[in-house]
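# Chain and residue survey
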Amino acid sequence: MHTNAEPGYTTADVCYHLAVLTAEYNAPLAGVIRCVSAEFGLTADKGYSVADPQLDCLSQLYQTPDTGYFLLVAEDGKLMGGAGFAPVPGHEGVCELQKMYLLASARGQGLGRQLAEKIFAEARLRGYQHCYLETTPLLPEALHLYQKLGFTPCPRLGDSGHDDCEITLMLPLR
């Protein structure tokens, strides 16, 4: 797969790089999201990302200049996860951290933090001043990371359709 690769990260003797989401990664990315969702009991009958109708063609959602999605790819080409951002309708200067999922083997190594920092840097370049997200206590590792990154509770913004993500957080992008 063509990767549009960026400089890599090495952890536990494995090298990773970040790549921009392209159509060839749609199926593998949907697979990662389904796998991680199943691991944590996030079912499609609830208001979680795994139920999104565009799940199998996410590259189409991140093609405009105010959006972005980055993949974490292992040196052997295996997709390990990803994260994206897009504007929150009706909230000028606010983007939403979207669909941040990492396979179990990529967690606990600082890769989620590096992926999130890449999202924040790209969002800043596009003029965003705040990053919003919706999550659930069913994802305790993610919630811990978001708190360590400086996210704090805020009111729900917009209507993402992820009603079962009862925790809403905001981070100033300085």
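Residues numbered from 1 in each chain as written. Predicted model: local features only at pLDDT ≥ 70, side-chain atom pairs only at ≥ 80, totals over all residues. Heavy atoms only, no water.

Okay, the overall build of the protein next. Scanning the protein for helices and strands turns up three helices and eight strands. Reading the helices (α) and strands (β) of the protein from amino to carboxyl end gives β-β-α-β-β-β-α-β-α-β-β. Across the 174 residues of the protein, 51% fall into the buried class. Sequence separation of at least 24 residues holds for 61% of the intrachain contacts in the protein that already meet a minimum separation of 6. Summed over all atoms, the accessible surface of the protein reaches about 8200 Å², with 55% contributed by carbon and sulfur. (Helix = DSSP H or I, 4+ residues; strand = E, 2+ residues; numbered from the N terminus. Buried < 20%, exposed > 50% of the residue type's maximum accessible area, 1.4 Å probe, protein only. Contact = heavy atoms within 4.5 Å. Areas by Shrake-Rupley, 256 points an atom, 1.4 Å probe, with all protein chains shown as cover.)

According to the stated counting rule, one finds four aromatic pairs in the structure shown. Judged by centre distance (6.1 Å) and plane angle (85 degrees), the rings of F85 and Y128 are edge-to-face. Placement of the pair is F85 in strand β4 (residues 79–87) and Y128 in the loop between α2 (111–125) and β6 (130–135), with a sequence separation of 43 residues. Just as F85 is buried, Y128 falls in that class too. Ring geometry for Y146 and F151: centres 5.7 Å apart, planes at 65 degrees, overall edge-to-face. Since its relative accessible area comes to 6%, Y146 is described here as buried. You can call F151 buried: its relative accessible area is 4%. Among the aromatic residues, those joined into a cluster by ring pairs are F120, Y146 and F151. Over the face of the ring belonging to F70 we find K118, whose NZ or CZ atom lies 5.0 Å from the ring centre. (Phe/Tyr/Trp six-rings, centres within 6.5 Å; stacked < 30°, edge-to-face > 60°. Lys NZ or Arg CZ within 6 Å of the ring centre and 35° of its normal.)

We now examine the environment of A74. Looking at the element boundaries, A74 is found in strand β3 (residues 68–74). Overall, the relative accessible area of 6% leaves A74 in the buried class. With 58 residues separating them in the primary sequence, A74 and Y16 have C-alpha atoms 4.4 Å apart. Beyond its immediate stretch of four places on either side in the chain, A74 contacts C15, Y16, H17 and M80.

The next point concerns the side chain of Q98. For Q98, the position within the fold is in strand β5 (residues 94–102). Engagement of the side chain of Q98 in a polar contact is seen with the side chain of Y62, the distance being 2.6 Å. The residues contacting Q98, other than those within four sequence positions of it, are Y62, Y69, A83, G84, F85 and A86. (Polar contact = N/O pair within 3.5 Å; in protein donor to acceptor, adjacent residues only side chain to side chain.)

A large share of β4 lies buried, amounting to eight of its nine residues. Counting the residues between successive antiparallel strands, the hairpin from β3 to β4 contains four residues, one of them, G77, with a positive phi of roughly 95 degrees. Two elements, β4 and β5, share six bridges in a ladder whose sense is antiparallel. For G82, the partnering residue across the bridge sits in β5 and is Y101. Hairpin connection between β4 and β5: a loop of six residues separates the two successive antiparallel strands, and G90 in this loop has a positive phi of roughly 85 degrees. (Pairing = 2+ DSSP bridges.)

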